[in-house]
Amino acid sequence: MEQPISQQHKRIFLLGFMGAGKTYWGKQLAEHLHLPFFDIDEVIVEEEGMPVSDIFAEKGEDYFRNRESEVLKRISQEEDEFLISCGGGTPCFLDNMDWMNDQGTTVWLNPSIPTMVERLQRKKYKRPLIQDLSDEDLSAFVEKKLLERAPFYQLSQRVITLDELSLEILTNEIHHA
Ligand SMILES: Nc1ncnc2c1ncn2[C@@H]1O[C@H](COP(=O)(O)OP(=O)(O)OP(=O)(O)O)[C@@H](O)[C@H]1O
Ligand SMILES: O=C(O)C1=C[C@@H](O)[C@@H](O)[C@H](O)C1
Ligand SMILES: [Mg+2]
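Here the structure is a predicted model, which is why all the values come from computation and not from measurement. Within any chain, residue numbers begin from 1 and follow the written order of that chain's sequence. Whichever chain is written first becomes A and whichever ligand is written first becomes 1, with later ones labelled in order. The predicted origin of the model limits local features to residues at a pLDDT of at least 70 and limits the giving and counting of side-chain atom pairs to 80 or more, whereas totals for whole chains, interfaces and linings rest on all residues.

Peer 1: How would you summarise the site of ligand 2 if you had to cite specific residues and measurements?
Peer 2: Taken together, Met18, Asp41, Val52, Gly87, Gly88, Gly89, Arg127, Pro128 and Leu129 make up the full set of residues near ligand 2. Three classes are used, and their members are as follows: Ala, Val, Leu, Ile, Met, Phe, Trp, Tyr, Cys and Pro are nonpolar, Asp, Glu, Lys and Arg are charged, and the others, Gly among them, are polar. For the shell around ligand 2, the per-class residue count stands at 4 nonpolar, 3 polar and 2 charged. Being near a molecule or strand means, for a residue, that its C-beta atom, positioned from the backbone, comes within 6 Å of it.

Here it is, written out as structure tokens:
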């Protein structure tokens, strides 16, 4: 008989570096698992009425980091069940990582650096931390920043390092790891 899914597994946080696929897979996985979906970047953009790059430019990164933490905590307090796709930096600021580990299941999407770089080259303008980098500098930046952030990401309860994912793989990793 199939085991019931525990409440902890109905409160999911997808985290990882820019271009890891948190938004791409989060939307699909939430639908597959019948969970309400929230993407922290998308919620902030909607509430602020401007893209992330404009928030950074006009209000500063600290303002964005406070908004990100506030949105994370608000959603996870107000909702019983959810799948939250974080921004790339969410786990690395304030007490967000500890908060998420207390509140539900944390899942680190960690594909290879070339895979993330290849995806990011196409959408640099959306991401203020990389928008001014040349394609040549992007790879070195990702390598350095990932190393800096790894101590936070590594606190996740699940780690998925595959480049090619599927809903079945994600579901199995989350429920049965
Ligand atoms: N498995 C995949 N196959 C093909 N394209 C993908 C895959 N995963 C993600 N992408 C594409 O790569 C880009 C980056 O993915 P996504 O926006 O999900 O990253 P993210 O982890 O949410 O990054 P950020 O931290 O910047 O929000 C998107 O254009 C997305 O459509
Ligand atoms: O890795 C980061 O610090 C960021 C990732 C994006 O999701 C956005 O939250 C923003 O571009 C910053
Ligand atoms: Mg995203």
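Peer 1: How would you summarise the UniProt feature "binding site: substrate" (unreviewed entry) in the protein chain if you had to cite specific residues and measurements?
Peer 2: UniProt positions are given in the numbering used here, feature names are shortened, and annotations may be inferred rather than shown by experiment. Look at the UniProt record and you will see "binding site: substrate" (unreviewed entry) annotated at Asp41, Arg65, Gly88 and Arg149. Relative to the elements of secondary structure, Arg65 occurs in helix H4 (residues 61-78). Residue classification places Arg65 among the partly exposed residues on the basis of 17 C-beta atoms within 10 Å. Aside from chain neighbours lying at most four places away, what touches Arg65 is Phe93 and Leu94. Tracing the sequence through the fold places Arg149 in helix H7 (residues 135-153). Any residue whose C-beta has 12 or fewer other C-beta atoms within 10 Å is treated as exposed, any with 20 or more as buried, and any in between as partly exposed, C-beta atoms being built from the backbone. Residue Arg149 is classed as partly exposed on the basis of its C-beta count, with 17 C-beta atoms lying within 10 Å. Residues contacting Arg149, with those up to four places away along its chain left out, are Phe17 and Cys92. Helix and strand assignments follow DSSP, with helices taken as H or I runs no shorter than four residues and strands as E runs no shorter than two, numbered in order from the N terminus. Contact between two residues is assigned when their C-beta atoms, built from the backbone, lie within 7 Å.

Peer 1: Can you explain the pairing of strand E3 (residues 82-85)? Please cite residues and give values.
Peer 2: As paired elements, strand E1 (residues 11-15) and E3 share 4 bridges and run parallel to each other. For Arg11, the partnering residue across the bridge sits in E3 and is Phe82. With 3 bridges joining them, strand E2 (residues 37-39) and E3 adopt parallel strand pairing. Within the sheet, the bridge partner assigned to Phe37 lies in E3 and is Leu83. Strand pairing is defined by DSSP finding a minimum of two bridges between the two strands.

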